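Each chain is listed here by its residues.
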Amino acid sequence: MDGGMRAMVLRETGHPLREVRLPIPRPGPEELLLRVRACAVCRTDLHVVDGELPEPKLPLVPGHEIVATVEAAGERATAIPVGTRVGVPWLGWSCGRCRFCLNGQENLCEQARFTGYQLDGGYAEYTVAHQRFCFPLPPEYSDVHAAPLMCAGLIGFRGLRLAGAERRLLGLYGFGAAAHLLIQVIRHQGRRAFAFTRPGDVEGQRFARELGAEWAGGSDTPPPERLDAAILFAPVGALVPTALQAVDRAGVVVCGGIHMSDIPSFPYALLWEERVVRSVANLTRADAVDFLALAPRVPVRTQVQTFPLSAANEALTALRRGQVRGAAVLDLAAPV
């Protein structure tokens, strides 16, 4: 390991990543040194690279859907043995002492730090992560198929929880990495799902129906029935009033992204009758534990398009253009 590591680095937002060699990081006292095996490419990575999220650490190694093997541990990092395969999500550290952490809302910790944003992430051959935010992975999944579980799966799962267990008919706006996993959970729970894609995306609608959507259409098309809840994965603020119009009385609209374009003004009548608009902010360790236990029971099957580490920019471009079916994943085992 003395020869350093390959990494894709963001030096300036709005510019492509650069492939460089960096020293292999040293784990802190409560950290694990991880050899990265795969890292999924998330829309949040696009928001970081494009400068839509404020003040990222620069230079930065992006990536927060990491599958890795524990190579070494800090002196107080004794919870996970060397050799264990783990996943690392977006939430990389929380203080554990503030009122949010003590109330089971560590996802809202004001001192939280995030993987691939304020902490170097998985677009590299090695990374370090705090042991509290590393999760043993189900053996049923290969490396590249486990990677999307760590954000696309988790954020969808949290969005479903916030929509409410009593909601039976759910609309999914934006049928990408998160929705293609979440619809499988919805169907497993005996609930119904409608899928909304970009207008004219016939292939995306076909994909949604293959995974169990009862109906699929463009986001400019009203659904055939009133929804109990809608979960928005597309970062398009104009979809909020559209979804409010689609949900029934007491319906819930959950905004699943960390970034969204501005929500346009809309008449109060769309919100009236006890409709609710709420956001999903990050995730908790409990979300990760619960979802990783559930996924192999469904079983949630991830559909992936793989890229070598050196093609991270190409993967980001494909995601930006809506050209990825399922999830894009950097495969660190792919030929250099």
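For the structure itself, look to the data block above.
This one's a predicted model, so the numbers in the text were calculated from it and none came from an experiment.

Peer 1: So, the overall build of the protein: which residues are in play, and what are the values?
Peer 2: Across its full length, the protein carries nine helices and 17 strands. Against the globule reference of 20 Å for 336 residues, the protein gives a C-alpha radius of gyration of 19 Å, in line with a compact fold. Its C-alpha atoms give the protein principal-axis dimensions of roughly 60 × 40 × 40 Å. A total of 336 residues make up the protein; the buried ones form 56% of that total. Long-range pairs, those at least 24 residues apart, make up 70% of the contacts in the protein with a sequence separation of at least 6. Summed over all atoms, the accessible surface of the protein reaches about 14,500 Å², with 50% contributed by carbon and sulfur. Averaged over its 35 positive side-chain charges, the protein has a centre that lies 2 Å from the centre of its 34 negative ones.

Peer 1: Break down the pattern of salt bridges for me, with residues and values.
Peer 2: Going through the model one piece at a time under the given rule, you end up with 20 salt bridges. Via salt bridges that share partners, Arg158, Arg161, Asp287 and Asp290 belong to a single interconnected network.

Peer 1: Any chance you could break down helix α5 (residues 177-188) for me, citing the residues and the numbers?
Peer 2: Of all 12 residues making up α5, nine are buried, and the element is well covered by its neighbours. Within α5, burial applies to Ala178, Ala179, His180, Leu181, Leu182, Ile183, Gln184, Val185 and Ile186. Trailing α5 by a residue or two, Gly190 shows a phi angle of about 80°, which is positive.

Peer 1: Account for unusual backbone geometry, naming residues and giving values.
Peer 2: That bond from Leu58 to Pro59 is cis: its omega, -10°, falls within 30 degrees of zero. Positionally, Pro59 belongs in the loop between α1 (43-49) and β4 (65-73). Note the cis peptide between Val298 and Pro299, where omega equals -15°. Secondary-structure assignment places Pro299 in the loop between α8 (285-294) and β16 (304-307). The phi angle at Glu273 is positive, at roughly 65°, despite the residue not being glycine. Inspection of the secondary structure assignment puts Glu273 in the loop between β14 (247-255) and β15 (276-279). For Glu273, a relative accessible area of 23% translates into the label partly exposed. Look at Glu274: it is not a glycine, yet its phi comes out positive at around 65°. Take Glu274: it is sitting in the loop between β14 and β15.

Peer 1: Provide a residue-level description of the pairing of strand β17 (residues 327-331), including the pertinent values.
Peer 2: Of all five residues making up β17, five are buried, and the element is well covered by its neighbours. Alternating positions in β17 separate into two faces, Ala327, Val329 and Asp331 on one and Ala328 and Leu330 on the other, with burial throughout. In this structure, strand β3 (residues 31-41) lies alongside β17, joined through four bridges in antiparallel fashion. What sits directly across from Cys39, in β17, is Leu330. Pairing of β16 with β17, which is carried by four bridges, proceeds in the parallel orientation. Across the sheet, the residue bridging to Phe307 is Leu330, located in β17. Following the backbone out of β16, through helix α9 (residues 312-320) and into the adjacent parallel β17, one traces a crossover that is right-handed.

Conventions we followed
Residues numbered from 1 in each chain as written. Predicted model: local features only at pLDDT ≥ 70, side-chain atom pairs only at ≥ 80, totals over all residues. Heavy atoms only, no water. Helix = DSSP H or I, 4+ residues; strand = E, 2+ residues; numbered from the N terminus. Rg over C-alpha atoms; globule rule 2.2 N^0.38 Å. Buried < 20%, exposed > 50% of the residue type's maximum accessible area, 1.4 Å probe, protein only. Contact = heavy atoms within 4.5 Å. Areas by Shrake-Rupley, 256 points an atom, 1.4 Å probe, with all protein chains shown as cover. Lys, Arg positive; Asp, Glu negative; His and termini not counted. Charge placed at Lys NZ, Arg CZ, Asp CG, Glu CD. Salt bridge = Lys/Arg side-chain N within 4 Å of Asp/Glu carboxyl O. Pairing = 2+ DSSP bridges. Right-handed = clockwise from strand over helix to strand, strands pointing away.

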